[in-house]
Amino acid sequence: MTANQTRTADETAILQVLGGVYAAWDAHDADAFVADYTEDASAILPGSYRASREEVRQSMRTGFDSYLKGSTTRNKVLALRFLNDDAAVVVSESTVLFPGDTEAPADRQGLATWVLTRQDGRWLLAAYQNSPAAAPTA
């Protein structure tokens with residue numbers, strides 16, 4: 001396999017990890033949501049920090065059972081770059097839609113950074129951070 005073919009295969013595998021997270025959200029499946037997280041993965045969202053895959057799983061389970069019930073996401077990858085052969089960063093934009101929504105207000109639109117690492121030949125999510133896409137207005 002050429003270096004170009006390897007990079008293309010890695011990009012495909014990384015996008016599949018993100019696709020799995022998106023699909024798990026839409027299915028409200030907290031276990032599937034973290035299936036491709038490292039054990040020590042971290043997630044930072046406005047006002048919160050989750051320091052492990054288990055903390056992320058518990059948080060998502062709570063959300064899916066309550067304030068995220070029935071929600072789906074709309075996602076778009078903006079950039080994917082490799083830091084080395086076994087680490088990559090993805091930047092994406094996401095919108096949370098609740099039942100009946102066709103569009104979401106600005107406060108439900110976010111930008112995210114995903115850090116992925118290859119472990120034992122498999123791409124896994126090591127860190128995630130998101131923030132509002134638009135700065136709050138006074």
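Above this text sits the structure in question.
A few points on the structure. Not measured: the values here are computed from a predicted model. (Residues numbered from 1 in each chain as written. Predicted model: local features only at pLDDT ≥ 70, side-chain atom pairs only at ≥ 80, totals over all residues. Heavy atoms only, no water.)

### Comments concerning the sheet that holds strand β6 (residues 122-132)
Phase 1: Here six strands make up an open sheet; going across it, the order is β2-β1-β6-β5-β4-β3 and the pairing mixed. Looking at the sheet topology across the chains shown, the edges are occupied by β2 (48-50) and β3 (72-84). Taken pair by pair, the neighbouring strands of this sheet meet at an average axis angle of 15 degrees, ignoring direction.
Phase 2: Across three bridges, strand β1 (residues 37-45) lies against β2 in antiparallel orientation. Residue pairing in the sheet places Leu45 in a bridge with Ser48 of β2. (Pairing = 2+ DSSP bridges. Helix = DSSP H or I, 4+ residues; strand = E, 2+ residues; numbered from the N terminus. Axes fitted to C-alpha atoms, helices over the stretch in contact; angles between N-to-C directions.)

### Section: the packing of aromatic side chains
Phase 1: If you walk through the whole model with that rule in mind, you get seven aromatic pairs.
Phase 2: When the centroid spacing of 5.9 Å and the interplanar angle of 85 degrees are considered together, the rings of Tyr22 and Trp114 count as edge-to-face. You can see Tyr22 sitting in helix α1 (residues 3-27) and its partner Trp114 sitting in strand β5 (residues 109-119), a full 92 residues away along the chain.
Phase 3: The buried category is assigned to Trp114, whose relative accessible area is 3%.
Phase 4: Judged by centre distance (6.3 Å) and plane angle (75 degrees), the ring pair of Phe33 and Phe64 falls under edge-to-face. Within this pair, whereas Phe33 is found in helix α2 (residues 30-33), its partner Phe64 is found in helix α3 (residues 53-65), the two being separated by 31 residues in sequence. By the burial criterion, Phe33 is buried, and Phe64 matches it.
Phase 5: A connected cluster of aromatic rings, assembled from ring pairs, spans Trp25, Phe33, Tyr37 and Phe64.
Phase 6: For Arg7, the ring lying beneath its charged end belongs to Phe82, and the centroid distance is 3.8 Å. (Phe/Tyr/Trp six-rings, centres within 6.5 Å; stacked < 30°, edge-to-face > 60°. Buried < 20%, exposed > 50% of the residue type's maximum accessible area, 1.4 Å probe, protein only. Lys NZ or Arg CZ within 6 Å of the ring centre and 35° of its normal.)

### Structural notes on the pairing of β5
Phase 1: Sheet analysis places strand β4 (residues 87-97) next to β5, joined by nine bridges and oriented antiparallel. Residue pairing across strands places Ala88 opposite Leu116, the latter belonging to β5.
Phase 2: Of the pairings in the sheet, the one linking β5 to β6 comprises 10 bridges and is antiparallel in character. Considered in β6, the bridge of Ala112 is made with Asn130.
Phase 3: The antiparallel hairpin formed by β5 and β6 contains two residues in its connecting segment, where Asp120 sits at a positive phi of about 50 degrees.

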